[in-house]
Amino acid sequence: MPVRQPVRLAVVGAGTISQSVHLPAVHRLAALFELAAVCDLSPSRAAAVAARNGVGVRGTSDYAEILAAPDVDAVLLATPGTHARDARAALEAGKHVLAEKPLCLTTAEAAELGALAESNGLVLQVGYMKMYDPLTEVAAAELAALDTPRTVRVTVLHPADEPQVEHLRMATPADDADMSVVEAAMAYEAERTAEALGDVPAELARYYRDVLNGSVIHELSVLRALGFTLPDTFETAELWPWPVDGEPPCLLATAPLGADGAARLVLNWNWLPDHPDYGEEIAVLARDGRLHLDMAAPYLTDVRSSLRVERAADGVRRDSVVRTGYDTGFVRQLEEFAYAVRDGAPVRSGAAGAAEDIRCLQALLAALAARAGVTVGGEAGGAA
């Protein structure tokens, strides 16, 4: 049998997420990947991170150089914000793409990128690592065996970023990044937000961009992985307190869940800047039992998720914690990406799923706006 060559990968964005989990995952999968380059807006950080990750790994601040490189098969996009522009450029250059969430801010962008990848015969995968957590798959199987879920409760405890990354002891990047690139990216995101929502207050636009697409979108991807159909409308939605010194407000929303609406989703996202740890809990209450999934915090490679399942029929409580091995969701999604690039295998988190998440977030934003007496436009208004 022919020997499959490793995927030659460039990591674009050398910040916290790349240094803490993506680059270690690439090295763990050394049989599947060859790290060719590290790209970052800061030339000094790109060079330093590349040097720490192997002889021959080059560092550059020029994304166009990466796209033109014949020794790069694929890019992992881990830059801040959305990734539509960089993903589009990579696909047009013939590179496979694994893009951190959010892929984009509009369903139109998701459809365009999905079609571009398909027409060029390329892989486009979205980095929803929680979908790939080993226990998410176990939880989906357990959930399928429960009779008629009634309530699905998702609770997120989100601290400030600093406490989550202190253990990484990362050096402060030098002030040598090309800020014109950042400014252009921010302008692009503002334009796409307007396309998604129309003319809404700046606070709601920022919440859609930064919190809903930056954090809550993960919860939607997990719900899809568990087998739920995302809601088209939200019955209730509120934010509080609003605003407080520029801090994002907490969120509480409810919606019918599932194809028949037999269950109710209770979504609670909490900004707790002084809380020491990130937390995410998904609880499913069904007629004949319950399931509780406690997701592992990001930026920690040695912490695993935990799952508890209880069934009324046998009165037995079963804990699934360690039996799924030691791979994290980050490792598993990267592994799937390699098999998709090399062997044509499917990916679970493509552009179509991203479009579903965006549609649901727009419905949530429309409910939040209605409570504030604001009418949304754009894609969100058209969907309503």
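Structural data are supplied above this passage.
Residues numbered from 1 in each chain as written. Predicted model: local features only at pLDDT ≥ 70, side-chain atom pairs only at ≥ 80, totals over all residues. Heavy atoms only, no water.

The next thing to look at is the nonpolar core. Counting residues in each nonpolar core, the largest one holds 95 residues, and the members touching the most others are Val 75, Leu 103 and Leu 251. Per element, the largest residue contribution to this core is 13 residues, and it comes from helix H11 (residues 351-371). Among residues more than four places away in sequence, those in contact with Val 75 are Leu 9, Ala 10, Val 12, Tyr 63, Ile 66, Ala 90, His 96, Val 97, Leu 98 and Phe 337. (Core = buried A, V, L, I, M, F, W, Y, C linked by side-chain atoms within 4.5 Å. Buried < 20%, exposed > 50% of the residue type's maximum accessible area, 1.4 Å probe, protein only. Helix = DSSP H or I, 4+ residues; strand = E, 2+ residues; numbered from the N terminus. Contact = heavy atoms within 4.5 Å.)

Viewed as axis vectors pointing N to C, helix H9 (residues 202-225) and H11 meet at an angle of 130°, and their least axial separation amounts to 9 Å. Considering their axes alone, H9 and H11 lie oblique with respect to each other. Here the hand of the crossing between H9 and H11 comes out right-handed. Residue-level contacts link Leu 204, Tyr 207, Tyr 208, Leu 212, Asn 213, Val 216, Ile 217, Leu 220, Ser 221 and Arg 224 of H9 to Gly 353, Ala 354, Glu 356, Asp 357, Ile 358, Cys 360, Leu 361, Gln 362, Leu 364, Leu 365, Leu 368 and Ala 369 of H11. (Axes fitted to C-alpha atoms, helices over the stretch in contact; angles between N-to-C directions. Parallel < 35°, antiparallel > 145°, perpendicular 65-115°, else oblique. Left-handed = near helix turned anticlockwise from the far one by under 90°.)

Let's shift gears to unusual backbone geometry. In this chain, Lys 101 is followed by Pro 102 through a cis amide linkage whose omega measures -10°. Residue placement: Pro 102 occurs in the loop between strand E5 (96-100) and helix H5 (107-119). Cis geometry marks the peptide bond from Trp 240 to Pro 241; its omega dihedral reads -25°. Mapped onto the fold, Pro 241 is located in the loop between strand E8 (236-240) and strand E9 (250-257). Here Thr 148, not a glycine, exhibits a phi torsion of approximately 55°, which is positive. Note that Thr 148 resides in the loop between helix H6 (134-144) and strand E7 (149-158). Classification of Thr 148 as partly exposed rests on a relative accessible area of 27%.

Turning our attention to the state of the cysteines. A complete count under the given rule lists zero disulfides for this structure. You can see Cys 104 has no disulfide; the closest cysteine sulfur is in Cys 360, sitting 15 Å from it. By relative accessible area, which is 1% here, Cys 104 ends up buried. (Disulfide = S-S within 2.5 Å.)

Across the sheet, six strands lie side by side as E3-E2-E1-E4-E5-E6; this open sheet has parallel pairing. Only two strands of the sheet have a single partner each, and these edge strands are strand E3 (58-60) and strand E6 (124-127). Averaged over all pairs of adjacent strands, the angle between strand axes in this sheet comes to 25°, irrespective of strand direction. Examined bridge by bridge, strand E4 (residues 74-77) and E5 share four bridges and lie parallel to one another. Across the sheet, the residue bridging to Leu 77 is Ala 99, located in E5. (Pairing = 2+ DSSP bridges.)

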